[in-house]
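# Secondary and tertiary structure notes
Chain by chain, the residues:
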Amino acid sequence: MLSGCADGIDTVGPGGDRGAVGLHVGAGTRLVADPAANVGPVVDATWSLGLAALGAAEPGAGVVVSPSSLYVALSMLADGASGAGLAATEDVLGASGDARHAAVVALRGSLGAYEGEPALVGGDELPERPVVHQASQLVVDDDERAAEPYLDTLWQVYGAGVLRTDLATPQGLGPLHSWVSEHTGGLVKESAIRPDHD
């Protein structure tokens, strides 16, 4: 997914035109899980975030929450923050900087044995072995640009990139909808984001 084109979207690698529409990825070596990483505070924060998300749901509504996904999304956003915003986010996340990165990589790595094709869980019969598919990506409007060090961190820690597209048009949201459908095995057909000119 991160090389060549995906669903007609060009991948813009290191040294590429950062003003172009496409999936922007950083450089560097992906971090490897460290068995000595202190994951305790991150696990606690993940539980707290998940419970808070469930608690915010409308009573009686059917709700699905992925605390791990929520944590990773906030962690990715924290990596692009600074000052008071960064401090507040890391307080919620229970860890900061390299310690947070090491814990995230270790926890995601612990799920690696269950990695599989997400479409397997959409059939009439569940697979014999549980399936976990982890995929991360940030999406920004085509008026925004991600800084090179941020792109590098997203790649090295999360294996993620930044999709730069026109969020004001249905056509601009097409690549996001395709990504969502692909990484949910078609169980979710499109993103909940709607075109907005503001």
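Rules used in this analysis
Residues numbered from 1 in each chain as written. Predicted model: local features only at pLDDT ≥ 70, side-chain atom pairs only at ≥ 80, totals over all residues. Heavy atoms only, no water. Buried < 20%, exposed > 50% of the residue type's maximum accessible area, 1.4 Å probe, protein only. Helix = DSSP H or I, 4+ residues; strand = E, 2+ residues; numbered from the N terminus. Pairing = 2+ DSSP bridges. Right-handed = clockwise from strand over helix to strand, strands pointing away. Core = buried A, V, L, I, M, F, W, Y, C linked by side-chain atoms within 4.5 Å. Contact = heavy atoms within 4.5 Å. Polar contact = N/O pair within 3.5 Å; in protein donor to acceptor, adjacent residues only side chain to side chain.

### Some words on the pairing of strand S5 (residues 161-165)
Judged by how many residues are buried, S5 sits mostly within the fold: 5 of 5 residues are covered. Residue alternation in S5 divides its side chains into two sets, Gly-161, Leu-163 and Thr-165 and Val-162 and Arg-164, and both sets are buried. Relative to S5, strand S3 (residues 22-24) is paired through 3 bridges, and the arrangement is antiparallel. Across the sheet, His-24 pairs through a bridge with Val-162, a residue of S5. In terms of handedness, the path from strand S4 (residues 137-141) via helix H5 (residues 148-158) over to S5 forms a crossover that is right-handed.

### Quick notes on the nonpolar core
Tyr-71, Met-76, Leu-138, Leu-154 and Tyr-158 are the most contacted members of the largest nonpolar core, which has 20 residues in total. Looking at this core, the elements with two or more residues in it are helix H1 (40-55), helix H2 (67-78), helix H4 (97-110) and H5. Looking at which element gives the most residues to this core, the answer is H5, with 5 residues. Aside from chain neighbours lying at most four places away, what touches Tyr-71 is Val-42, Ala-45, Thr-46, Leu-49, Leu-93, Arg-100 and Val-104. Grouped together as the second largest cluster of nonpolar side chains are 9 residues, Ile-9, Val-25, Leu-173 and Leu-176 included.

### With respect to the side chain of Arg-100
Position of Arg-100 among the secondary structure elements: in helix H4. A distance of 3.0 Å separates polar atoms of two side chains, one belonging to Arg-100 and the other to Asp-79. Dropping the residues within four chain positions of it, Arg-100 is found in contact with Tyr-71, Ser-75, Ala-78, Asp-79, Glu-90, Leu-93, Ala-95 and Tyr-158.

### Description of the environment of Ser-96
With respect to the secondary-structure elements, Ser-96 resides in the loop between helix H3 (83-93) and H4. Using a relative accessible area of 41% as the deciding quantity, one classes Ser-96 as partly exposed. Sequence separation between Ser-96 and Ala-106 is 10 residues, and the spatial gap between their C-alpha atoms is 15 Å.

Treat this as a map of the structure, not an account of what it does.
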